[in-house]
Structure formats: C-alpha cells, structure tokens
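Structural characterization, general
The chain contents come next:
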Amino acid sequence: MSKKKILYHSNHSRLFSGFGKNAKNILKYLASTGKYEIIELANGVTKDHPDLKTLPWKAVGGLPNDQNSINRMNSDPGVQRSAAYGALRIDDIIKEEKPDVYIGVEDIWGLGGYTKKTWWKKINSIIWTTIDSLPILPEAIDAAVKSKNYYVWSSFAEKELNQLGCKDVKTLHGSVDDSFFYKKSFEEKEFMRNFFNIPIDSFIIGFVFRNQLRKSVPNLLEGFKKFKKNNPNSNAKLFLHTNFSEGWDIPRLIKEKEIDPADILCTYFCKKCSSFEIRPFSGANQDCRSCGSKGSMNTISISSGISEDDLNNLYNLMDVYCHPFTSGGQEIPLQEAKLCELITLCTNYSCGTDSCSKESGGLALDWNEYREPGTQFIKASTCPESISSNLEKVFKMDEIEKSQLGKKARDYVLNNYSIGVVGKKLEGIIDSLPDHDYDFKFEKELRDPNYSPPEIASDIDWLLDIYKNILKSDLPKTDKGVLHWSSSLNQGATRESVLNHFKQVAVSENESIQKEKTSVVDFSKVIENDGNKKALIVCSGSEEDVLYSLRLFKSFNVLYPNYDLFFACKESYHSIVCSNPFLYKVLPYSKEMENEILMTSNIDGQPAYFDYYCNLNILTDKYINYRGIKNKTFELYEQT
C-alpha cells in the first residue's frame, strides 16, 4: 500500500518562532511513524536553499529565486508579503508534488485565498491556524465555512467560530517538546545563578517572547516597578529573553519609567561560538568573552538563539513567569514555562484563557479593552496593578502551594500540548481522510450554461444546486452569494430570472477560460529541436509597433543566418508579418514571453527554448532584457 503524501506548509522548521518550533515537532513525529511521505514547504526560505537538503525529510523553500519574481517582490510590498508565505510557489509545488494531504499552518492571512484554488477541494486540505482577536476576521470565517478540516490553536478561537455557525471548527493546540523542558533541582538552579552572577535570593520574573508590539512590555515594566516598590526586600529582577533591536525600545522604556537598568536582565548570544550570557543590556554588538570575537554578541532573535536545552536552563533560573500581551494565537513559552513547573501569569484574553484557567495552574491578569486602529480588533491592555498584585501573591506563597500549582501546570501541558498528544491527534485526522482521484490538471472547469435544475422546494437548496452544476462552485449555505440571491428571491425575483443570470455568467466565464487556454503557448510543441539556434523577438504592442518591427527581420537574417527567427505578437496582427520571407515562424503573444529567464534558461535539465531574446516593448526597467548577451537589436538598426 502506498504511503499518503503530506505537504506541510508553515514557518521553516529551523526558525525559533512558534510556528517554526511546532513544524519541527510535528514533522519529527509524523516522520517517526514511518506511515507517510513528507514534504516540508518552508516559508521564508528560498527555493532549493542548500540548508533544506540537511533535513531528515524532503523540504522545499517557499520563496521563488527567479529574477522575474524577485523583480515583482522588490516593486510591490504586497507581493513581497504574500511571497514570504509561499503564495508565489504554492501552485507549482502542489502540481509537482501531488500531495494527498495539504496542511497549511500559518496565520490566516498567510493562507489567504487558498480555499479558492482549483486543487483545494480536490485533495484533502487542512487549515491549522491561529486566531487571536475579536471580532474574527471575515477571511478567517470564510475559510472556515469553505473548509472541511479547520483547526485552531486555542479553545477561545473554537468557541467564537462555533458561535458564528462554524460548527466543524475544532481545537488542535500547537505542540510543545516536553523532552526538553522540566524542573531542575535547587542545587542546579543555585549553580546556574552563581554562574551568571545572579544572587540566589533574587526573585526572578521571566518573560520569553519575540519583541513584537503586541507583547505588553510597557505594562510589564510598570507592574514590575510597582511590585519592587511594594516589596523592597524581594531583590527582584525582570529577565526579558528577547531581541532588544526590534519592536519595543526597551532601554528607552526602562529610562522613562526610572527603573534601575541593573534590575533588567537579557540574554546575549554569540553567533561565532554559540555561547551566551545573562546580564543587563549594554548595547548591541558586544565582544564575546568566551571566544574573543569582536562585536559577535547580540540579544537573541528568531534566527539566532540558544538551544532548547539552554532555554530550559533559563526557565529554571526563574521564580515566576509573567506573559502580558494584547492577544495571541497560543504563546508557546507559556507551555514551556509550565513544563518547568513555574507558576505562570497571563493576560486573561484570547489564547491566554487556556493558560490561566484553574486547571492549568496559572493565574489570570486583568485587562482593559482598547481597539486597534484600522482593524477595530478588541485588544487587551494588561493592568500593571494586576501584574504587581499577582507577582506579590506568588512571592508570598509558601513552597508547598507553589509546588502543587507547578505540578498541576506541568500535567496540564503534558495532557494537552505535548508532541505525543498533539501528534497522535493529527495522525488520527490524517488517517481518517479519504483517498482522492485528482489528476492535478489545473485547467479551470468549463461552466454548464445548458444545465436545467430539477424542482427543489427550498430556495437555498435550489441556489446551491445551480451554483454547483452551472458555475461548478460547491458552496455552503452561508456563502454571501447564496444569501444575496436568496434575499433577491424573497424580495420578488423569479427563479427564471436568476437562472438566466447564472447561465449568462457561465457563458461569460467559459469565454474567459477559453481565452486563457489559447493565450498560453506550449513552447515544447512549437519549437522544433532541430539543432538550429533560435531567436525570439517579442512585440506585444500596437499595430504600428508591429509594422515598425518589420525592418529588423532582413538585417537580422543577414547578420545571423544560422538563427531561426521567431516573432511573437497579438494574433490579430499575424496577417501583417506571416508572409515575411525572413521569419521562421510567427507565434501568438502570451504573458510568459515577457520572462526572459523562462525563454532563455535551462529549466529542470531541459534545453533553453531560445538562444537569443529581445522584447521590443520594454522601455522601462519593469522587466529585465538583454540578459548577459550583446544587444543585437541596435546592431540591426545600424544595418537598416
């Protein structure tokens, strides 16, 4: 029996991000079963990056590396953003790999529009996404409506989507590697504190996070300041394991709040020898005291940081873990801290409700609502007073109560977030999915304007039937188009008028589909492999442009008699040039002819289509032209 092929699409599994850590955990688990053929589609990594070859499973990069795509990304921030999530490569990878199961694990905007893809319902497609704020984005709701397999990382998101009518949405938490994170002995904690010159009697408050604006650093600093003032005997230190060069300007905030910089600790990491130090921040590009490298030490980042073993040591330096934020998808450091049997304080909103519930062993931080400009999302501003009072609660807690809460926290994570538990659930989901018979032909299905629907009593069911059989769209009852036409029927529109409209749309869409098919040239069929050199001149402009280009053909033939000269223009102008004796063949112009790399490069071991290329309509640097060859066009003008 052949193995199911799984395409897992997320942050690269070697990134120190929540999605990256989860990808590493889940891919290792799925690979360990021996049941699947696995391909990792790594966002943020270029196609065929050499590091991908060192993984124990097949991996392909989500970023394109051809010049045309690079130009598009450089000229359009929107394209650049979508490309970072793999949007420019996803269709090609689906077509090439032909997976049985696609699993998209990103924020919902990283999977935007995929439910409309030709392949989405033809194979087993799974969305596993984070949703962190109310009101839920319309695109997240739309994707949930159009997906049979939709999973979220927190019960908060499941509850809200279920209330909106998306009853099939279920929670599948992101995974945490419990093999790395555990509580160490008091003697080990004492040794590590001595090693980093941290007093054993210091009350260490920890926060492990990426320095994003949604992490409530100002609120935490204010709460820490209040706690220090109310508990001067605590010798408290705030340990911020994060990057000080992005997001919040932490040194500036420390100064603004008049906090002693010596009370704020950070992690310095050497990119040369991978050693690290815990000490107050003293600027970027510090010299490494371990290997002597100059300027090699900086605060950690998602691409350069300590190992999971060392991160476990850092959690064990702490006395309490505090995680204030405006919103979040899961916040994996919360689960890592709980595995180390730390009492965790967390904002009681969004995914935080899972981590500060009674059964989780965590404490809830109060918050005030504010609205994010533009999106109008409800966001949480964590109350500094609540941070201070809960820190004081833990500081004054006896050791027995702290131990009991810590053990409860660890058990909660083991039962709900461990790789074994989450991986087993995902394995069951994958194994329950049916086989498919999709041939991975991406041509759009022709509409059927001749379809006559049967008599169906319900307007909604009748609309679903004509959507499916005329427009070839399998929609849910809650789709906006279905609801629109249902409302029109309720307001007096006749079924006959609606049916006629659908048939007209079908005719129009068929014309567009046919036009798309005829506009694409299969070069392997029109370019004979006869050993001759081949030249392509492209002219996508007006009739006058085509007429002006005629003067090039004779001189090209005289100067380069061993070339077969192909000329591409709009088919309506073929009659102008088809009888020219100096042309080998006239081709219908298509958009891909503007890509010189495609026209003149070896692709997948196949010979280049053309040896020489010129696009006569390029007057700007929007596209590259004359790449790596002498510009023969100007020679031709000199000869005419």
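Rules used in this analysis
- Residues numbered from 1 in each chain as written.
- Predicted model: local features only at pLDDT ≥ 70, side-chain atom pairs only at ≥ 80, totals over all residues.
- Heavy atoms only, no water.
- Helix = DSSP H or I, 4+ residues; strand = E, 2+ residues; numbered from the N terminus.
- Areas by Shrake-Rupley, 256 points an atom, 1.4 Å probe, with all protein chains shown as cover.
- Lys, Arg positive; Asp, Glu negative; His and termini not counted.
- Charge placed at Lys NZ, Arg CZ, Asp CG, Glu CD.
- Salt bridge = Lys/Arg side-chain N within 4 Å of Asp/Glu carboxyl O.
- Buried < 20%, exposed > 50% of the residue type's maximum accessible area, 1.4 Å probe, protein only.
- Pairing = 2+ DSSP bridges.
- Axes fitted to C-alpha atoms, helices over the stretch in contact; angles between N-to-C directions.
- Contact = heavy atoms within 4.5 Å.
- Core = buried A, V, L, I, M, F, W, Y, C linked by side-chain atoms within 4.5 Å.
- Polar contact = N/O pair within 3.5 Å; in protein donor to acceptor, adjacent residues only side chain to side chain.
- Phe/Tyr/Trp six-rings, centres within 6.5 Å; stacked < 30°, edge-to-face > 60°.
- Lys NZ or Arg CZ within 6 Å of the ring centre and 35° of its normal.

1. Some remarks on the overall build of the protein chain
Helices and strands together make up the secondary structure of the protein chain, namely 23 helices and 21 strands. With the principal axes as the frame, the protein chain shows a C-alpha extent of 95 × 75 × 55 Å. Within the structure as shown, the protein chain displays about 30,500 Å² of accessible surface, and the carbon and sulfur contribution to it stands at 49%. Between the centroid of the 80 positive side chains of the protein chain and the centroid of its 86 negative side chains there is a distance of 2 Å.

2. Here we look at the pattern of salt bridges
A full pass over the atoms with the stated rule returns 28 salt bridges. Where Arg214 meets Glu331, a salt bridge forms, and the shortest distance between an N and an O atom there is 3.0 Å. Taken together, the residues span a long stretch of sequence, with Arg214 in the loop between β8 (204-208) and α8 (217-230) and Glu331 in the loop between β13 (320-323) and α11 (332-339) at a distance of 117 residues. A salt bridge links Lys477 to Asp461; the nearest nitrogen and oxygen atoms lie 3.8 Å apart. With Lys477 in the loop between α16 (459-469) and α17 (480-490) and Asp461 in helix α16, the pair connects residues that are 16 residues apart, well separated along the chain. A single salt-bridge network, built from bridges that share partners, covers Lys5, Glu37, Lys58 and Glu97.

3. Observations regarding unusual backbone geometry
Backbone phi values are negative for most residues with the exception of glycine, while trans is the configuration of most peptide bonds. Cis geometry marks the peptide bond from Leu134 to Pro135, where omega comes out at -10 degrees. When you line up the elements, Pro135 lands in the loop between β5 (124-129) and α5 (138-145). Of note in the backbone geometry, Ser274 takes a positive phi value of approximately 65 degrees without being a glycine. In this structure, Ser274 sits in the loop between β10 (264-270) and β11 (276-280). Note on Ser274: relative accessible area 44%, which makes it partly exposed. With phi around 65 degrees, Gln376 is a residue other than glycine that occupies positive phi space.

4. Brief notes about the sheet that holds strand β18 (residues 533-538)
Within the open sheet, the 4 strands sit side by side as β20-β19-β18-β21. Their pairing is parallel. At either margin of the open sheet sits one strand with a lone partner, and together these are β20 (585-588) and β21 (612-615). Neighbouring strand axes in the sheet, compared pairwise and without regard to direction, differ in orientation by 20 degrees on average. Bridge analysis of β18 against strand β19 (residues 563-569) gives 6 bridges, and the strand direction is parallel. Bridge pairing links Ile537 to Phe567 in β19. Against the sheet, helix α20 (residues 543-559) contacts β18, β19 and β21, and its axis sits at roughly 175 degrees relative to β19.

5. Digging into the nonpolar core
Residues Trp128, Ile205 and Tyr315 are the most contacted members of the largest nonpolar core, which totals 97 residues. When near neighbours in sequence (up to four residues on either side) are disregarded, Ile205 contacts Phe224, Phe227, Ala236, Lys237, Leu238, Phe239, Val320, Cys322 and Leu391. Counting 34 residues, the second largest nonpolar core, distinct from the first, contains Leu7, Ala144, Leu161 and Val169.

6. Side note on α16
Within α16, burial applies to Trp462, Leu463, Leu464, Asp465, Ile466 and Tyr467. For α16, the capping residue at the N-terminal end is Ser458, with a side-chain oxygen 3.3 Å from the backbone nitrogen of Ile460.

7. Structural notes on the pairing of β19
Within β19, 7 of the 7 residues are buried, leaving the element largely enclosed by the surrounding structure. Bridging between β19 and β20 involves 4 bridges; their strand directions are parallel. Following the sheet pairing, Cys569 is matched in β20 by Pro588.

8. A short note on the sheet that holds strand β3 (residues 58-63)
Overall, parallel pairing links the 7 strands, which are arranged β3-β2-β1-β4-β5-β6-β7 in an open sheet. Edge strands, defined here as strands with exactly one partner in the open sheet, are β3 and β7 (170-171). Pairing of strand β6 (residues 149-152) with β7 involves 2 bridges; the strand directions are parallel. Looking at β7, one finds that Val152 is bridged to Thr171. Seen against the sheet, helix α1 (residues 18-33) touches β1 (4-11), β2 (36-46) and β5 and runs at an angle of roughly 165 degrees to β1.

9. Topic: the packing of aromatic side chains
As enumerated under the stated definition, the model contains 33 aromatic pairs in all. Residues Tyr102 and Tyr114 carry aromatic rings whose centres are separated by 6.3 Å and whose planes lie at 65 degrees to one another, so their mutual orientation is edge-to-face. Here Tyr102 is found in strand β4 (residues 101-104), whereas its partner Tyr114 is found in the loop between β4 and β5, with 12 residues between them in sequence. The class of Tyr102 is buried, set by a relative accessible area of 0%. Taken together, Phe181, Phe207, Phe209, Tyr315 and Tyr321 form an aromatic cluster joined through their ring pairs. Positioned above the aromatic ring of Phe442, the side-chain terminus of Lys95 is 5.5 Å from the ring centre.

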